[in-house]
Amino acid sequence: MLDHRPVTVHGAGRTDAGVHAEGQVANFFLARLFEARVLQDAINGNLDRDIRVLAVETIADEFNARLSAKQKTYRYRIWTADVVSPFVYRYVHSYRGPLDLEEMRRAATALIGTHDFSSFTVADSEIQDRVRTLFRLDIEDATNEISICAEADGFLRYMVRTIVGTLIEVGRGKRTAAGTGEILESRDRSRAGPSAPANGLTLVRVDY
């Protein structure tokens, strides 16, 4: 123990099993004084290679990594080539069929703004307030890959994965873009599509 006592760590939020994080933020309070670089090296020296602390900063006493967050950004990656590169397979969802990106973008437009996202979270969620503001839901097409970027003031459990799963069904022609608003208004999880696989999702950034 670096502080010679139990230390409580507050994360910016939980991610589902299998989801990745490039920009996770956490805070804790220590009784001992450390220089930032010394503390960063000490923590990394005790972590598995899959986890790395990229920066350490001194914070105000009232800061909380979860409660102080203003918005979060997630990226979902869909790999469209016939063969998945061994360098990316852990971080993408492989989908080889054609997807109508323009229809997916039209469907995404209906979700932007402040809404009750009950249709896009787990049906038995204990969270009472399911209203969130989705600032951005961009769908970009690159070589062998479709990237869906979602930015909001907060996300419900499985929210991004369910949105992506629904958009994929729109892209496949199994749903219409016009029907996305109806799904949202229904507040009924059974009306939305399946949750997309966890491995394609990454927490990119938390803003304060």
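Look a little higher up for the structure.
Participant: Help me understand the packing of aromatic side chains in this model?
Facilitator: Here the distance between the centres and the angle between the planes together describe a pair of aromatic rings. Across all of its chains, the model carries 3 aromatic pairs by this definition. Between Phe63 and Tyr208 the ring centres are 5.0 Å apart and the planes differ by 55 degrees, which places this aromatic pair in the tilted class. In this pair, Phe63 sits in the loop between α1 (36-44) and β4 (71-79) while Tyr208 sits in the segment after β9 (201-207), placing the two residues 145 residues apart along the sequence. The side chain of Arg157 reaches across the aromatic face of Tyr158, ending 4.9 Å from its centre. Over the aromatic face of Tyr158 sits the side chain of Arg161, whose NZ or CZ is 4.9 Å from the ring centroid.

Participant: So what exactly am I meant to see when it comes to helix α4 (residues 179-186) here?
Facilitator: Owing to its 3.6 residues per turn, the α-helix aligns residues three or four sequence positions apart on the same side. When α4 is considered as a whole, its buried residues turn out to be Gly179, Thr180, Gly181, Ile183 and Leu184. In the core, the buried residues of α4 are packed alongside α2 (101-109), β6 (113-116) and α3 (159-172).

Participant: Hey, could you run me through the environment of Thr58 in this one?
Facilitator: Mapped onto the secondary structure, Thr58 falls in the loop between α1 and β4. Here the alpha-carbon distance between Thr58 and Phe28, two residues 30 residues apart in the chain, equals 10.0 Å.

Participant: Please clarify how the pairing of β9 should be interpreted in this entry.
Facilitator: Moving residue by residue along a regular strand, the side chains alternate between the two faces of the sheet. Here 2 bridges tie strand β2 (residues 20-21) to β9, and the two strands are oriented parallel to one another. Its bridge partner being in β9, Ala21 is matched across the sheet by Leu203. Sheet topology places β4 next to β9; 6 bridges connect them, and they run antiparallel. Looking at β9, one finds that Lys72 is bridged to Val206.

Participant: What should I look at first to understand α3 in this one?
Facilitator: The end-to-end C-alpha distance of α3, which contains 14 residues, comes to 20 Å, matching closely the 20 Å that a straight helix rising 1.5 Å per residue would cover. Burial within α3 is extensive, with 13 of its 14 residues counted as buried. Two residues or fewer after α3 comes Gly173, characterised by a positive phi angle close to 90 degrees.

Participant: Would you mind showing me how to read the pattern of salt bridges here?
Facilitator: Close approach of charged atoms allows side chains with opposite charge to pair. Counted under the stated rule, the structure contains 13 salt bridges. We note a salt bridge from Arg136 to Glu151, for which the minimum N-O separation is 3.5 Å. With Arg136 in strand β7 (residues 131-142) and Glu151 in strand β8 (residues 145-152), this residue pair connects regions lying 15 residues apart in the sequence. Overall, the relative accessible area of 12% leaves Glu151 in the buried class.

Participant: Where do I start with the environment of His10 in this structure?
Facilitator: Position of His10 relative to the elements: it lies in strand β1 (residues 10-11). His10 sits 77 residues away from Phe87 along the chain, and the two C-alpha atoms are 31 Å apart. Beyond its immediate stretch of four places on either side in the chain, His10 contacts Val25, Ala26, Asn27, Asn64 and Ala65.

Participant: Where do I start with the pairing of β8 in this structure?
Facilitator: The element β8 is extensively covered by neighbouring structure, given that 8 of its 8 residues are classed as buried. Residues of β8 alternate between two faces, with Glu145, Ser147, Cys149 and Glu151 on one and Ile146, Ile148, Ala150 and Ala152 on the opposite face, all of them buried. In this sheet, β8 lies alongside β4 in antiparallel orientation, the contact comprising 8 bridges. In the sheet register, Trp79 faces β8, and the bridge partner there is Glu145. Pairing of β7 with β8, which is carried by 8 bridges, proceeds in the antiparallel orientation. What sits directly across from Leu137, in β8, is Ala150.

Analysis parameters
- Residues numbered from 1 in each chain as written.
- Predicted model: local features only at pLDDT ≥ 70, side-chain atom pairs only at ≥ 80, totals over all residues.
- Heavy atoms only, no water.
- Phe/Tyr/Trp six-rings, centres within 6.5 Å; stacked < 30°, edge-to-face > 60°.
- Helix = DSSP H or I, 4+ residues; strand = E, 2+ residues; numbered from the N terminus.
- Lys NZ or Arg CZ within 6 Å of the ring centre and 35° of its normal.
- Buried < 20%, exposed > 50% of the residue type's maximum accessible area, 1.4 Å probe, protein only.
- Contact = heavy atoms within 4.5 Å.
- Pairing = 2+ DSSP bridges.
- Expected span 1.5 Å × (residues − 1).
- Salt bridge = Lys/Arg side-chain N within 4 Å of Asp/Glu carboxyl O.

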